[in-house]
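Per-entry structural report
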Amino acid sequence: GESVGLHLPTLSVQEGDNSIINCAYSNSASDYFIWYKQESGKGPQFIIDIRSNMDKRQGQRVTVLLNKTVKHLSLQIAATQPGDSAVYFCAENGGSQGNLIFGKGTKLSVKP
Amino acid sequence: EAGVVQSPRYKIIEKKQPVAFWCNPISGHNTLYWYLQNLGQGPELLIRYENEEAVDDSQLPKDRFSAERLKGVDSTLKIQPAELGDSAVYLCASSDPTRGPGTQYFGPGTRLLVL
């Protein structure tokens, strides 16, 4: 069936280090992928997206990589800061009518 | 620009009682979504509106859940009667369809606890 999953449920990094959060997807028909950040008590916040005709897309301190061969998505955060501490979700447009399917989330903890 | 507004932020009810959640999307966003989010899980779509029309309600448990968006602006999600398993966060989101489904703006959610 359709699913989006995460390899690591928790990730702890030192402030200033780079973070990599991984995600696997199973719906080969998905052609649009998004990373969201969710802080405690708040709704998910859009970080960056990528379409299937791209392998890499960069934003401010964040990079998303897409490997369609192995159906893998990753989010790289450069120079991780305490404010990056949150739960990160990947999502794909593999649902009915192109609706988003969210993964289970990875909790990122940044140690000062 | 005001974000997506939801109320109440928290609700505690006893099982079998009714409950309603309200959402006011970002002005000009004609697509509105209701999601359910369990602890540690990603949001799961319940229903999607395009203006006042529910274009996808396939995941809405219609025996107890209902939703409306009468004037194509704000929306209400209702549960009647609530069950213990309904305890979760109910998120509302809105988007401008010209910008793609990923650019959904989420509200802070309503945290429901059913006792």
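What comes next concerns the included structure. Owing to the predicted nature of the structure, the values given are computational and were not obtained by experimental measurement.

So, about the interface of chain A and chain B. Across the boundary between the two partners, chain A contributes 18 residues, which contact 20 residues of chain B. Where chain A abuts chain B, roughly 1,500 Å² becomes buried across the two surfaces, and 48% of that area is made up of carbon and sulfur atoms. Where chain A touches chain B, the interface holds zero salt bridges. For the interface between chain A and chain B, the tally reads five residue pairs in polar contact (both at pLDDT 80 or more). In terms of residue count, the dominant contributor to the side of chain A that touches chain B is strand 4 (residues 32-38) of chain A (four residues). When its residues are assigned to classes, the side of chain A that touches chain B shows eight nonpolar, eight polar and two charged.

Residue and element names in this part refer to chain B. If you walk across this open sheet you meet the four strands as 1-3-8-7, and the pairing is antiparallel. The two strands at the open ends of the sheet, each matched to only one other strand, are strand 1 (5-7) and strand 7 (65-68). Ignoring which end each strand starts from, the neighbouring axes of this sheet average 15° apart. Pairing of strand 3 (residues 19-24) with strand 8 (residues 75-79), which is carried by five bridges, proceeds in the antiparallel orientation. Following the sheet pairing, Phe21 is matched in strand 8 by Leu77.

Attention now moves to the packing of aromatic side chains. What the rule picks out here adds up to 10 aromatic pairs over all chains. Measuring from centroid to centroid gives 5.7 Å for Tyr36(A) and Phe106(B), while their planes differ by 90°, and the two rings are edge-to-face. With one member in each of two chains, Tyr36(A) in strand 4 and Phe106(B) in strand 10 (residues 105-106) form a pair that bridges those chains. Across the pair, Phe106(B) and Tyr36(A) agree in class, each one buried.

The rules behind each value
- In every chain, residue numbers begin from 1 and rise along the written sequence.
- Chains and ligands are labelled by the order in which they are written, letters from A for the one and numbers from 1 for the other.
- Only residues with pLDDT of at least 70 are given local features in this predicted model, and only at 80 or more are side-chain atom pairs given and counted; all residues enter the totals for whole chains, interfaces and linings.
- For the side-chain quantities, the full set of heavy atoms in the structure was used; hydrogens and water were omitted.
- Residues count as neighbours in contact if any of their non-hydrogen atoms are within 4.5 Å of one another.
- Buried surface area refers to the total accessible area, computed with a probe of radius 1.4 Å, that the two partners give up upon joining, counted for both partners together.
- Between Lys or Arg on one side and Asp or Glu on the other, a salt bridge is scored when a side-chain nitrogen of the former is within 4 Å of a carboxyl oxygen of the latter.
- Polar contacts, as counted here, are pairs of nitrogen or oxygen atoms within 3.5 Å of one another; within protein the pair requires one atom able to donate a hydrogen and one able to accept it, and residues that are adjacent in sequence qualify only if both atoms are side-chain atoms.
- Each helix corresponds to a stretch of at least 4 residues labelled H or I by DSSP, and each strand to a stretch of at least 2 residues labelled E; elements are numbered beginning at the N terminus.
- Think of it as three bins: nonpolar holds Ala, Val, Leu, Ile, Met, Phe, Trp, Tyr, Cys and Pro, charged holds Asp, Glu, Lys and Arg, and polar takes everything else, Gly as well.
- Here the rule is simple: two strands pair whenever DSSP picks up at least two bridges between them.
- Lines are fitted to the C-alpha atoms to define the axes, a helix being fitted only along its stretch in contact, and any angle between axes, read from their N-to-C directions, falls within 0 to 180 degrees.
- Pairing of aromatic side chains here covers Phe, Tyr and the six-membered ring of Trp, requires ring centres within 6.5 Å, and sorts the geometry by plane angle: under 30 degrees stacked, over 60 edge-to-face, intermediate tilted.
- In this scheme, a residue with accessible area under 20% of its type's maximum is buried, one over 50% is exposed, and one in between is partly exposed, where area comes from a 1.4 Å probe on protein chains only.

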